[in-house]
Amino acid sequence: MTIGVEVPSNTSFDVAIIGAGPSGSLAAKLLRDNNVSVIILEGAEFPRFSIGESLLPNCLNMLEKAGLLPSVIEAGFQYKNGATFERAEERSSIDFRDNFDEGWGTAYQVQRADFDKILADNASKAGAEINYGRFVTKAELGKGACILTHKGKDGTVETVTSKFALDASGYGRVLPKLLDLETPSNLPERSALFTHVQDNIEAGDIDRNKILITVHPNRKDVWYWLIPFSNGTSSVGVVYEKNEENLNEDDLFDALINQTRLGKILSNAERTRPLGKMSGYSCNVSSLHGPGFALLGNAAEFLDPVFSSGVTIAMKSAELAVPQILRELNGEEADWQNDFSIPLKQGVDVFRVFVESWYQGGLQNIVLHHPETENDLTKMMVSILSGYAWSEHSPLVQKPKRILRLLEELCA
Ligand SMILES: Cc1cc2nc3c(=O)[nH]c(=O)nc-3n(C[C@H](O)[C@H](O)[C@H](O)COP(=O)(O)OP(=O)(O)OC[C@H]3O[C@@H](n4cnc5c(N)ncnc54)[C@H](O)[C@@H]3O)c2cc1C
């Protein structure tokens, strides 16, 4: 056993960020653009695998504002212009460009190991100090004075002091755990099994420019993703609530895949990663901020993977938090509740309505039978699926339940 040796801190920053995922790196870059001194403490060594590979067009607006888009474009990720939905013989596609908002109508399907490294490297180039392989284990937080204790694999323990701390630790949920902020999600516990494959998919079987979402022919709780990448590999995953036949995970994955057309599409595929599993990923917190800290991305809340909203929400949280931090650093009063929590939750709650409707079956029917995209209601739905869940001018953002009911009636 290695016993940590605590060394006194001599490093002090304006902002310390826990985690270099999309929310942490975007926040770091935006802060550096305002000459704020930033340190990121990242537990892993990069590049590292992460789930969450299908981006929504609204991500590109946020990357562009932060000056990160050119590097993402140059990386040659798979271009994405929409989503195809399938259930047995039913099939329908949406094109993100037919949406109700201004801004990007296309996105990318990204290997997160590469994508996250690009964002982190850009934050570093802009002057953020990133310490990899450092796990944050303790936090003492107060307005204007924060101390984070972090530990390396070699057992060394160090501290960093800062005026503000951002928790961008994703599923690590460092501050919610340390500060006892975790609350149960109102969504049932679901699981996801996933892998990467050399897909060997025959031309014409799928549109590689779209994520393919397949719904199980007779189970509303089971759906699958197929996210093609630009190098002939794909991310494949299945989400389910109950392992009804009590199969081991590999057998369950294969059995569920073979109950849909995916079995045929992927008949020549070869796994390039071992099967991964995540369960009970939906989570919530009692507060998104407190004296000296705020929670970003998944460290705060995670709904469900079905609409690929995770990275969009993570980036939006960074975009909303940074102006508040700048205010505090300038000695002004920041209204975290009205200018961060409430606006962030507005968009998250729109996605929540979509997620709930999906598992009840309503949204599954809507996406499979939606009216032509000239219809404004369809355009509004496409906008949300493109990540525009914060658009004040959209009636679907203002009254998501009512408008979805209307769409459901239209589709029936
Ligand atoms: C099955 C599944 C499929 C998904 N698919 C999609 C999708 O297609 N599209 C999409 O947009 N989203 C998807 N998501 C959600 C997506 O994975 C997350 O929303 C997104 O990665 C959140 O970004 P983040 O910056 O908050 O955290 P992360 O990307 O998780 O980054 C957090 C970082 O913090 C580090 N960390 C953790 N603990 C510590 C610690 N103690 N100290 C220091 N560092 C620490 C981690 O190493 C990590 O690098 C999916 C989620 C699931 C469960």
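Small disclaimer: the values here were computed from a predicted structure and weren't measured.

Criteria and thresholds
Residues numbered from 1 in each chain as written. Predicted model: local features only at pLDDT ≥ 70, side-chain atom pairs only at ≥ 80, totals over all residues. Heavy atoms only, no water. Helix = DSSP H or I, 4+ residues; strand = E, 2+ residues; numbered from the N terminus. Rg over C-alpha atoms; globule rule 2.2 N^0.38 Å. Buried < 20%, exposed > 50% of the residue type's maximum accessible area, 1.4 Å probe, protein only. Contact = heavy atoms within 4.5 Å. Areas by Shrake-Rupley, 256 points an atom, 1.4 Å probe, with all protein chains shown as cover. Near = heavy atom within 4 Å. Polar contact = N/O pair within 3.5 Å; in protein donor to acceptor, adjacent residues only side chain to side chain. Nonpolar A, V, L, I, M, F, W, Y, C, P; charged D, E, K, R; others polar. Domains from an automatic or database assignment. Salt bridge = Lys/Arg side-chain N within 4 Å of Asp/Glu carboxyl O. Phe/Tyr/Trp six-rings, centres within 6.5 Å; stacked < 30°, edge-to-face > 60°. Lys NZ or Arg CZ within 6 Å of the ring centre and 35° of its normal. Patch = residues over 30% accessible without salt bridge, like charges linked within 9 Å, V, L, I, M, F, W, Y side chains within 5 Å. Lys, Arg positive; Asp, Glu negative; His and termini not counted. Charge placed at Lys NZ, Arg CZ, Asp CG, Glu CD. Core = buried A, V, L, I, M, F, W, Y, C linked by side-chain atoms within 4.5 Å.

J.: I'd like to hear about the overall build of the protein chain, residue by residue, with values.
T.: Across its full length, the protein chain carries 14 helices and 21 strands. Taken over C-alpha atoms, the radius of gyration comes to 21 Å for the protein chain, in line with the 22 Å a tight globule of 412 residues would show. Seen through its C-alpha atoms, the protein chain measures out along the principal axes to roughly 65 × 50 × 40 Å. Burial statistics for the protein chain: of 412 residues in total, 59% are counted as buried. Considering only contacts in the protein chain between residues 6 or more positions apart, those separated by 24 or more positions represent 72%. Total accessible area computed for the protein chain in this model is approximately 16900 Å², and 47% of it derives from carbon and sulfur atoms.

J.: Tell me about the site of the ligand, residues and numbers included.
T.: Around the ligand sit 37 residues, and of these S23, E42, R112, N298 and V311 come closest. Contact distances for the ligand include 2.9 Å between an oxygen atom and a backbone N or O atom of I51. One of the backbone nitrogen or oxygen atoms of G310 is found 3.4 Å away from an oxygen atom of the ligand. For the shell around the ligand, the secondary-structure elements that each account for two or more residues are helix 1 (22-32), strand 3 (38-42), strand 9 (134-140), helix 8 (297-300) and helix 9 (310-329). When its residues are assigned to classes, the shell around the ligand shows 19 nonpolar, 13 polar and five charged. Here the shell around the ligand gathers at least three residues from each of two domains, domain 1 (5-52 + 111-184 + 282-347) and domain 2 (191-279).

J.: An account of the pattern of salt bridges is needed here, citing residue identities and associated values.
T.: For the structure on display, the rule yields 27 salt bridges. When the shortest N-O distance is used, the salt bridge between D199 and R208 registers 2.7 Å. Each of the salt bridges in this network shares a partner with another, and the network as a whole consists of R48, R112 and D116.

J.: So, the packing of aromatic side chains: which residues are in play, and what are the values?
T.: According to the stated counting rule, one finds 13 aromatic pairs in the structure shown. Aromatic side chains Y171 and F302 sit 6.0 Å apart centroid to centroid with 80° between the ring planes, which places their arrangement in the edge-to-face category. Of this pair, Y171 sits in the loop between strand 11 (156-167) and helix 5 (174-178) while F302 is found in the loop between helix 8 and helix 9, placing the two residues 131 residues apart along the sequence. Relative to F302, the ring of Y281 lies with its centre 5.9 Å away and its plane at 75°, an arrangement referred to as edge-to-face. Of the two residues, Y281 sits in the loop between strand 18 (276-279) and strand 19 (284-285) while F302 sits in the loop between helix 8 and helix 9, which places them 21 residues apart along the sequence. Of the two residues, Y281 and F302, both sit in the buried class. The structure contains a cluster of three or more aromatic residues connected by ring pairs, namely F49, F194, W223 and W225. Sitting over the face of the ring of Y359, R190 holds its NZ or CZ atom 3.3 Å from the ring centroid. The cationic tip of R273 hangs over the ring face of F49; the distance from NZ or CZ to the ring centre is 3.7 Å.

J.: Explain the environment of G170 to me, using residue names and the numbers behind them.
T.: For G170, the position within the fold is in the loop between strand 11 and helix 5. Owing to a relative accessible area of 18%, G170 belongs among the buried residues under this scheme. With 150 residues separating them along the chain, G170 and A20 place their C-alpha atoms 9.4 Å apart. The contacts of G170, once residues within four sequence positions are left out, are N298 and A299.

J.: I'd love a proper account of the domain arrangement of the protein chain, names of residues and values included.
T.: Split into domains, the protein chain comes out as domain 1 (5-52 + 111-184 + 282-347), domain 2 (191-279) and domain 3 (362-411). A C-alpha centroid distance of 27 Å is found between domain 2 and domain 3.

J.: Would you mind going over the environment of I94 in detail, with residue names and values included?
T.: Here I94 is to be found in strand 6 (residues 90-95). Separated by ten residues in the primary sequence, I94 and T84 have C-alpha atoms spaced 6.4 Å apart. Residues contacting I94, with those up to four places away along its chain left out, are N81, G82, A83, F85, K210, H370, M381, V382 and L385.

J.: Just give me the short version of a positive patch on the surface, but keep the residues and values in it.
T.: On the surface, a cluster of positive charge is contributed by K399, K401, R402 and R405. Among the secondary structure elements, K401 is positioned in helix 14 (residues 400-411). What makes K401 exposed here is its relative accessible area of 54%.

J.: Could you give an account of the nonpolar core, naming the residues involved and the relevant values?
T.: If you look at the biggest cluster of nonpolar residues, it comprises 117 residues, and the most contacted ones within it are I17, L166, W225, F354, W358 and M381. Ranked by the residues each element gives to this core, the list is headed by helix 10 (residues 336-360), at eleven residues. The residues touching F354, leaving out its near neighbours within four places in the chain, are F307, L363, M381, I384, L385, L396 and L404.

J.: Quick one: what's the story with helix 11 (residues 362-369), residue by residue and with numbers?
T.: Along an α-helix, a turn takes 3.6 residues, which lines up residues three or four apart on a common side. Counting buried positions over the eight residues of helix 11 gives six, a clear majority of the element. Turning to helix 11, its buried residues are G362, L363, Q364, I366, V367 and L368. The inward-facing, buried residues of helix 11 abut strand 5 (82-87), strand 6, strand 14 (210-215), helix 10, helix 12 (376-385) and helix 14.

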